[in-house]
Amino acid sequence: MPVHRSGTVRRPRLRRFPAAGVILAALSLLFTLPTAAQAADVPARGSATMGMGVAEHDGQGGLPAGDKAVQTEGVDTSSHNGNVAWSTLWNSGVKWAYVKATEGTYYTNPYFAQQYNGSYNVGMIRGAYHFATPDTTTGAAQANYFVDHGGGWSRDGRTLPGALDIEWNPYGASCYGKTAAGMVSWIRDFLNQYKARTGRDAVIYTATSWWTECTGNSSAFGATNPLWIARYNTDPGALPAGWGFYTMWQYTSSGPTVGDHSKFNGAYDRLQALANG
């Protein structure tokens, strides 16, 4: 140990950080780490369902007071519905169904066969939908994955064209990290490939507020792709640009037997016409 000239022993001085600096450093670390609550809020990949973000982002009002025109009741299902009681739905007046087939290029619905074939077997007109994840792979890649895993189409009079479910990202940023132009390009990529594979223009399922935010309210698809609008209220509200009317309207997530119920904007024969192409 060093000795001072006076003969006293000099002890090494300990360095001390100011208390405020230590606290600030700890707080900085705390805010850069996701909390357990934040992590728990992010669902597992593959678990997304049609309309899962509608109530959170757009709110939820009353049910339609009554039909102003002839409409045909339908439902949509995914794996969270498990084995569906299709005969119960049929007897209640439900005449069509869309079933989640795929998500991204990494997930297929394990209940797809029971739901897709079960609805058909009780007499319903059925179709398949794809939950889009534009941040994972290209639109064309996801269209191919969808067609290859149940999303195809056949002219049997009871199979609807596939539906692209494009809505809020349940796993991250609402618009999947894309600009409005980038999102429109991704959607076009998916739709073009789907038509090339099946000969049909896919249905677009979306909410007006998401469409406005994430595509800049693009009017690019209104002339070709049927619109399935999502709004849990007494009326469908304003539609996205390019569409003068909706083909289907998902109006609730708390209906009987299966929560998600929709109305086809026409009588049963018009639903058959959409199936026939």
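Residues numbered from 1 in each chain as written. Predicted model: local features only at pLDDT ≥ 70, side-chain atom pairs only at ≥ 80, totals over all residues. Heavy atoms only, no water.

**Looking at the packing of aromatic side chains**
The following threshold applies: Two rings from Phe, Tyr or Trp (for Trp, the six-membered ring) form a pair when their centres are within 6.5 Å of each other. A pair whose planes differ by under 30 degrees is stacked, one over 60 is edge-to-face, and the rest are tilted. Only protein chains enter the area calculation, which uses a 1.4 Å probe; residues under 20% of their type maximum are buried, those over 50% are exposed, and those in between are partly exposed. Remark: a charge is flagged as sitting over a ring if the NZ atom of Lys or the CZ atom of Arg is within 6 Å of the ring centre and within 35 degrees of the ring normal.
Taken as a whole, this structure holds 13 aromatic pairs when the rule is applied. When the ring of tyrosine 246 is compared with that of tryptophan 249, the centres are 6.1 Å apart and the planes differ by 70°; the resulting orientation is edge-to-face. The pair formed by tyrosine 246 and tryptophan 249 is uniform in burial state, with each residue classed as buried. Members of the aromatic cluster, joined through ring pairs, are Trp96, Tyr98, Tyr205 and Trp228. Lying over the aromatic face of tryptophan 90, lysine 95 brings its terminal NZ or CZ to 3.6 Å of the ring centre. One Lys or Arg, arginine 200, reaches over the ring of tryptophan 153 and ends 4.8 Å from the middle of that ring.

**Brief notes about the confidence of the model for the protein**
Rule in force here: Scored from 0 to 100, pLDDT reflects the predictor's confidence in each residue. Working rule for contacts: check all heavy atoms of both residues, and any pair within 4.5 Å makes them a contact.
Chain-level pLDDT for the protein is 87 on average; 81% of the residues reach the 70-or-more range. For the stretch residues 2-9, pLDDT sits under 50, and the model shows five contacts to residues farther than four places along the chain or on other chains. Every residue in residues 14-18 is under pLDDT 50, and counting partners more than four places away or in other chains gives one contact.

**Some thoughts on the environment of alanine 180**
For the record, the criterion: For helices the rule is a DSSP run of H or I covering at least 4 residues; for strands it is a run of E covering at least 2, with both sets numbered from the N terminus onward.
Relative to the assigned elements, alanine 180 resides in helix H7 (residues 180-198). We classify alanine 180 as partly exposed; its relative accessible area is 30%. The spacing of alanine 180 and threonine 215 is 35 residues in sequence and 4.2 Å in space, taken between C-alpha atoms.

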